[in-house]
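Notes for the structure review
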Amino acid sequence: MEKPLIVQEVAGSGKTTIALHRIAYLIYTYEQIFTPDQFMIITPNNLFLNYISDVLPELGVEQVEQTTFAAFCLDLLKIKNKLLGSEEKLQALMQSGDAVNSKETTSIKWAAAFKGSLEFKALLDRYIEQLEIEMLPEEDVMLEGYQAISLSEIKRWFLEELKYLALQQRQKQVKKKISVKLKEMKKEIIEKISAQYEPGLAKARRICTEQEEVNHILVDLLEKRDKKIDSIEKNARNLTANYMKKFKKDNVLTANRKLITNPELLKTYPISAWKQMELSIFAGKQKVA
């Protein structure tokens, strides 16, 4: 139950049948724990998906979520745009016939070759590193003039400690960390403010001779101290949310389109000279693929 199960064999040996029977077994055996809609079947293509859709009802299993890997990614990334898929690109190449050197065919071949290369992966890695830095605010978390959390600490969280997470997930975790840290720092700042007023209160008690005058000075100092502490408490409530608004929030599709349609941006990343020349020709003319 708590370990991955891998079924590996040659084509036509019955791997899919075993996987589907396994799902049916889990649903009926652990019906108090699982419901069919908690399962997701991810297939490599729609043809495979159609086969799954026909077999599952025969096993008495319905309402299981079924999708292709590409569709799952689009849904996960919240991309609703029409993308040029591999099937459409292959169809375009096959229908080109003798026009193997046509502009469209050449463009598709070039884009597919480059975007499937390790060079493009390296380019994307460097681009993502730059996006990470650009997403960060350029200031410390300040509370009433006091530095609650330094920008360097937030950078360490975002660029190092939480690097294993996707960018948007990192922001959520950073928000939690800021909230926790802010509670600690707020307490320290309030203690520091109270300590700052203590000498004045002690001095007022020491130098004033008349009780009424002592009370007046003490009350004035206490009111100033409490007003400042109240202001700290009030501003701390929305500080985390306000600071997180300063994070840049480009979505994945926007960032991707910005990169692959901008020759000048692509040239800022170190790739081979011949590829630089080709990018100048093709960037800005490609469909998002």
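Here's what I pulled together on the structure shown here.

Cut-off values and rules
Residues numbered from 1 in each chain as written. Predicted model: local features only at pLDDT ≥ 70, side-chain atom pairs only at ≥ 80, totals over all residues. Heavy atoms only, no water. Salt bridge = Lys/Arg side-chain N within 4 Å of Asp/Glu carboxyl O. Helix = DSSP H or I, 4+ residues; strand = E, 2+ residues; numbered from the N terminus. Buried < 20%, exposed > 50% of the residue type's maximum accessible area, 1.4 Å probe, protein only. Expected span 1.5 Å × (residues − 1). Arc of directions from axis to C-beta. Contact = heavy atoms within 4.5 Å. Axes fitted to C-alpha atoms, helices over the stretch in contact; angles between N-to-C directions. Parallel < 35°, antiparallel > 145°, perpendicular 65-115°, else oblique. Left-handed = near helix turned anticlockwise from the far one by under 90°. Nonpolar A, V, L, I, M, F, W, Y, C, P; charged D, E, K, R; others polar.

**Focus: the pattern of salt bridges**
Within this structure, the stated rule accounts for eleven salt bridges. Between Glu132 and Lys163 there is a salt bridge whose closest N-O contact spans 3.2 Å. Of this pair, Glu132 sits in helix α6 (residues 118-135) while Lys163 sits in the loop between α7 (151-161) and α8 (167-207), and the two are 31 residues apart along the sequence. Take Glu132: its relative accessible area is 4%, and that puts it in the buried class.

**A word on helix α2 (residues 46-58)**
The end-to-end C-alpha distance of α2, which contains 13 residues, comes to 19 Å, matching closely the 18 Å that a straight helix rising 1.5 Å per residue would cover. Those residues of α2 that fall on the buried side of the exposure criterion are Leu49, Ile52, Val55 and Leu56. Viewed end-on, α2 has its buried residues packed into an arc of 130°, placing them on one side of the element. Residues of α2 that are exposed and point over 90 degrees away from its buried face: Asn46, Leu47, Asp54 and Glu58. The elements touched by buried residues of α2 are α1 (15-29), β1 (40-43) and β2 (65-68).

**Overview of the packing of α6 against helix α10 (residues 252-260)**
Relative to each other, α6 and α10 sit at 120°, their axes nearing to 12 Å. With respect to their mutual orientation, α6 and α10 come out oblique. Considering how the two elements wind past one another, α6 and α10 form a crossing that is right-handed. For the pair formed by α6 and α10, the contact residues are Phe120, Leu123, Leu124, Tyr127 and Leu131 on the first element and Ala255, Lys258, Leu259 and Ile260 on the second. Class assignment for the residues of the contact of α6 with α10 results in eight nonpolar, no polar and one charged.

Keep in mind these values describe shape, not function.
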